[in-house]
Every structure is written in structure tokens, then in C-alpha cells.
Amino acid sequence: MKKIHIFKTILWAAAICLVWACGKDLEKGPIFKDSVAPSPVTEVVVTNTSGGAVITYQMPKDLDLLRVEASFMRGDQKIVKSSSIYSNKILIDGLKSGQTLDISVSAVDRSNNYSTPVKVTASPLRAPIDDLFDSFGLKEDFGGVRLSYNNKDLLQVEIQILKLNETNGLYQYKSSAFIDTDKKNGFSFRGFEDVPGKFAVVAIDRWNNISDTAFAVLTPIKEVKLDINKFKKISPAIPNDSPVAFGWVIENMWNNNNGGSGYHSAQDEPGGGSLMEPYNEPYPVISFDLGVTAYISRFKFWQRTGTWMYTHGNPRLFEVWGIDKIPAGYDGKSLTGWTRLVVDGEVIKPSGAPLGQNSAEDVASATSGEEFECADPGKPIRYIRFVNQKNWSGAKFMHIMEVNFWGNIIQ
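The present account deals with the structure reproduced in this document. Along each chain, numbering runs from 1 in the same order as the chain's sequence is written. Local features are withheld for residues below a pLDDT of 70 in this predicted model, meaning they are given only at 70 or higher, and side-chain atom pairs are given and counted only at 80 or more; totals for whole chains, interfaces and linings count all residues. Heavy atoms from the whole structure form the basis of all side-chain values; hydrogens and water molecules are not counted.

**Notes on the overall build of the protein**
Here is step 1: Each helix is a run of H or I in the DSSP string that is no shorter than four residues. Each strand is a run of E no shorter than two, and both are numbered from the N terminus. When helices and strands are counted, the protein shows three helices and 23 strands.
Here is step 2: Dimensions of the protein, computed from C-alpha atoms along their principal axes, come out at roughly 110 × 75 × 40 Å.
Here is step 3: Per-residue accessibility, obtained with a 1.4 Å probe over protein chains only, is compared with the maximum for each type, and a residue is labelled buried under 20%, exposed over 50%, and partly exposed between these values. Among the 411 residues that make up the protein, the fraction classed as buried is 44%.
Here is step 4: Accessible surface area values rest on a Shrake-Rupley calculation with a 1.4 Å probe, where residue burial reflects the displayed protein chains alone. Accessible surface, the protein as shown: approximately 22,000 Å² in total, 53% of it carbon and sulfur.
Here is step 5: Residues counted as positive are Lys and Arg, residues counted as negative are Asp and Glu, and His and the chain ends are not counted. In this description, the location of a charge corresponds to atom NZ of lysine, CZ of arginine, CG of aspartate or CD of glutamate. For the protein, the distance from the average position of its 44 positive side-chain charges to the average position of its 46 negative side-chain charges is 5 Å.

The structure is reproduced here in C-alpha cells:
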């Protein structure tokens, strides 16, 4: 009999535990499902904002309330924004200014019952994409046109360039640029002939809002790729240029080979460089002759890839200088009289991953080369000085595989 009582006690304890466990599971969802709609929200206030609105409200007291939804139509698409019971507001964005928006605000309970909707109206203030458009400026550029802008609101935007087809009278899409930061204030659309043309530009944000269209009649400046076969060493060499290391001579930078041997400076700190104005510390520097005098529009170099990609002596922070004639007796200890073509040049690793970890995008970017627009393309240039301020290992020495330049040749 005693064994039977003990057995019953165990069964009761197990049953109690089971009920308690089930009760804990039931807390995650409605204990009872019903078809009773919750009470509607009250005291709804709409505050119009730039390209959107903020809707605030008082929630009903229903114990099974789950969320509050605001629904509206964006074109032919129904948009639903929601907020949990722990907030009393819903943010609406991605709208164009100058439109009136009808919004339905409903309370929703755990049985997915909807309250009677409260109808409100929003009239978004001037949208960020309109402010971006107001900052647009188009002007001629080397090989195309340049768009200047101010992306102060950090919009994610596609900018499209179009050109009038004189045959059919229609503006045709040519190419796109994608922006999402305020780190740059312009973009050059290239690949156009140096003849007058009618251009147009529009912006499209991530909600498919389209800006107004900016028009301009422009004549692109002639741009050609400089012939690397004309590049050469400066003779006599500039005294404070960095010495060569490992037999990787400067001529390798224009041998039309990105995968063989390139240029390599000495690895002793700071890579064979010396103090040079306007810098306040010594940096390695290399100089060479383009073989022609030109207005330089852009510059491109290829880093050492394979296991060296984004590491070791590949340039990370650098500047490029140019001049048309080297003064007699020049000792290389000052850049007075030279034009700074690339200011605060920085190679960006797309993934931002630690050294030694390279994504497919990193590899593609390194393989295609690092291109930089020239800050002052209005000066005639023949001789180049490349100053390496920091490599990817944190030191100053450098190795470069290949260089290219573009511009308008003077002579």
C-alpha cells in the first residue's frame, strides 16, 4: 500500500509540472482566441516631417492588444507600418512633398482582430530628394559631364544621366551613379565625345521617388589615356627619391603587366624617404616623366594582389603631385611650385574586413585598380611625384604594379 501511495504522489507531481509547463507555453500566445475586435486608438495626432510624418496616439486598454498599424497607398502599392504596444508612435517616410496622404490607423489584438480604423491625413514637408535635387549642378568634364551635389541627408540614391538623341528627339539613359554618403560632392559621367550635347540628370531614391530633371547643354572636354610607352625615368634622378628594392624598378610601373614585377621602394623606415615640404615627417617618394605635357583629369594605379592584396606595402594613404617643368638644380626637398593632383588619396577596402580577409568585392576592386580624379586639372603637367604616407601594414614603404593617367594632351 505504501508503494501505491508513493506512485500516486509521483503521478500528481508530474501532472502538476505538466500543467505548469503548458501554462508557460500559453503565455507566448493567446490563451483563448476570439473574434472580438479591440477598441480603436484615440487622440491621434499627425506631425508632418520631411518626406513623411509621425503619428502618435493613445492605445486602447484591451488586455490582448498586440500592435498598432498604419496603412496607406504609395502609388498602387499598399504600405503597412506598425508599432508594438511598447510605443505610441509610428514613423512614415519615403514620401514626396506636395502630396496628401490618407492613412488608416488600427489597433490589432493577439487574435489578429482589427479595430475600427481611425482615418487621418498627412501632408509631408519638403522631401530630402528634393533638397538633393536643388543642390545639383552640371558642367563639362574630361570625357563627359560632372554632376555636383550635396547629400547632407545621406540618402541612398541612384543618379541617372541621360542624353538627347537628336534623331528621335528623346532623352536616352546612358549610365548611373549610386550614392549613400556625404563623403563626396560630385560624380563624373564619362564616355562622351567632345561635341556639344544636351544632357539631363534625375535622382531615384530607395522608395522609387523620382526627383525633377536637371538639363544642361554642355561640350565634354577631350580626354585621352596617356600612352604608357612614353613614360620614363627622370634623368638625372631627383636626389631625394626613394631607392629601389628587390630589383623592382620604376619602369615596371608602365610595362603593361599587373601580375609580374612592379616598383618596390626600400623597406627601411621610412622607405628611403626624407623630409620634404609641406610634410612634417619623411615619406618615400617616386618621380617620373609622362613623356608629354597634358591637363591631367584622373589617375589610376594597381596594387600588388594575391597574398599581398590590401596588405604589406600596397599604398593606403598617399598624394600625387605634378609640374610641367622641373627647376634647374631641383633637390626634391620641397614641393613648392608643384600642383597637388590627388589630395589625401585613400584606398578604400570595400568590405572593411581585417587584413588578410578579402571578400569577392575586395578582390574585384583591387583587380580593377584604384582610380582617383585630379583636384586641379587646369594646370599643365609633365612630371609626377607620388608620395606614400602609409601602407596597409602601417609602415611607409610601397610597392605599385602599374599606373595610368588620363587627360587632354597639350604637347
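**Let's talk about the nonpolar core**
Here is step 1: The criterion is simple. A nonpolar core is a set of buried Ala, Val, Leu, Ile, Met, Phe, Trp, Tyr and Cys residues joined through side-chain atoms within 4.5 Å. Of all hydrophobic cores here, the largest spans 33 residues; its most connected members are Met 253, Phe 288, Leu 290, Phe 299, Phe 318, Val 403 and Phe 405.
Here is step 2: Elements represented by at least two residues in this core include exactly strand E17 (285–302), strand E18 (315–323), strand E19 (339–346), strand E21 (380–391) and strand E23 (402–409).
Here is step 3: The leading source of residues in this core is E17, at eight residues.
Here is step 4: Beyond its immediate chain neighbours, meaning those up to four positions away, Phe 288 contacts Lys 232, Ile 234, Ile 250, Met 253, Trp 254, Arg 382, Tyr 383, Ile 384, Val 403 and Phe 405.
Here is step 5: Core analysis: the next-biggest nonpolar cluster, separate from the first, contains 23 residues, Phe 133, Leu 147, Tyr 149 and Leu 155 among them. Contacts were defined at the residue level, with two residues in contact if any of their heavy atoms lie within 4.5 Å.

**Quick word on the pattern of salt bridges**
Here is step 1: Any Lys or Arg side-chain nitrogen found within 4 Å of a carboxyl oxygen on Asp or Glu counts as a salt bridge. Throughout the structure, instances matching the rule amount to 18 salt bridges.
Here is step 2: With its nearest N and O atoms 2.8 Å apart, the salt bridge here joins Glu 69 to Arg 67.
Here is step 3: What you see here is one network of salt bridges that share partners, running through Asp 141, Arg 146, Arg 190, Glu 223, Arg 298, Glu 371 and Glu 373.

**Considering unusual backbone geometry**
Here is step 1: Of note, the amide linkage connecting Ser 235 to Pro 236 takes the cis form, showing an omega dihedral of 0°.
Here is step 2: Within the secondary structure, Pro 236 sits in the loop between strand E15 (224–225) and strand E16 (263–264).
Here is step 3: Residue Glu 277 is joined to Pro 278 through a cis peptide bond whose omega torsion reads 10°.
Here is step 4: In this fold, Pro 278 is placed in the loop between E16 and E17.
Here is step 5: The phi dihedral of Asn 256 falls on the positive side, at around 60°, and the residue is not glycine.
Here is step 6: Mapped onto the secondary structure, Asn 256 falls in the loop between E15 and E16.
Here is step 7: With relative accessibility at 65%, the residue Asn 256 sits in the exposed group.

**Thoughts on the pairing of strand E10 (residues 157–165)**
Here is step 1: Burial analysis of E10 places seven of its nine residues in the buried class, which makes it a mostly covered element.
Here is step 2: Relative to strand E11 (residues 170–179), E10 is paired through nine bridges, and the arrangement is antiparallel. Note on E11: the bridge partner recorded for Glu 158 is Phe 178.
Here is step 3: Only when DSSP finds a minimum of two bridges between them are two strands counted as paired. Where E10 hands over to E11, the hairpin turn is made up of four residues, of which Gly 169 adopts a positive phi near 75°.
Here is step 4: Pairing of E10 with strand E13 (residues 197–205), which is carried by seven bridges, proceeds in the antiparallel orientation. Paired with Leu 162 across the strands is Ala 200, a residue of E13.

**As for the environment of Pro 282**
Here is step 1: Mapped onto the elements, Pro 282 comes out in the loop between E16 and E17.
Here is step 2: Note: C-alpha distance between Pro 282 and Arg 74 (208 residues apart in sequence) is 59 Å.

**Thoughts on the packing of aromatic side chains**
Here the distance between the centres and the angle between the planes together describe a pair of aromatic rings.
Here is step 1: Aromatic pairing here means that ring centres of Phe, Tyr or Trp (its six-membered ring) are within 6.5 Å. Orientation follows from the plane angle: under 30 degrees is stacked, over 60 is edge-to-face, and everything else is tilted. Throughout the structure, instances matching the rule amount to 21 aromatic pairs.
Here is step 2: Both rings, one in Phe 231 and one in Trp 254, keep their centres 6.0 Å apart while their planes meet at 80°; by these two values the pair is edge-to-face. Here Trp 254 lies in the loop between E15 and E16 and Phe 231 lies in the loop between E15 and E16, a separation of 23 residues in the sequence.
Here is step 3: Plain terms: the ring middles of Tyr 279 and Tyr 283 are 5.4 Å apart, the flat faces sit at 90° to each other, and that makes the pair edge-to-face. Side by side, Tyr 279 and Tyr 283 carry an identical accessibility label, which is buried.
Here is step 4: An aromatic cluster is defined as three or more aromatic residues linked by ring pairs; in this entry it consists of Phe 231, Trp 254, Phe 288, Phe 299, Phe 301, Phe 318, Phe 372, Phe 386 and Phe 405.

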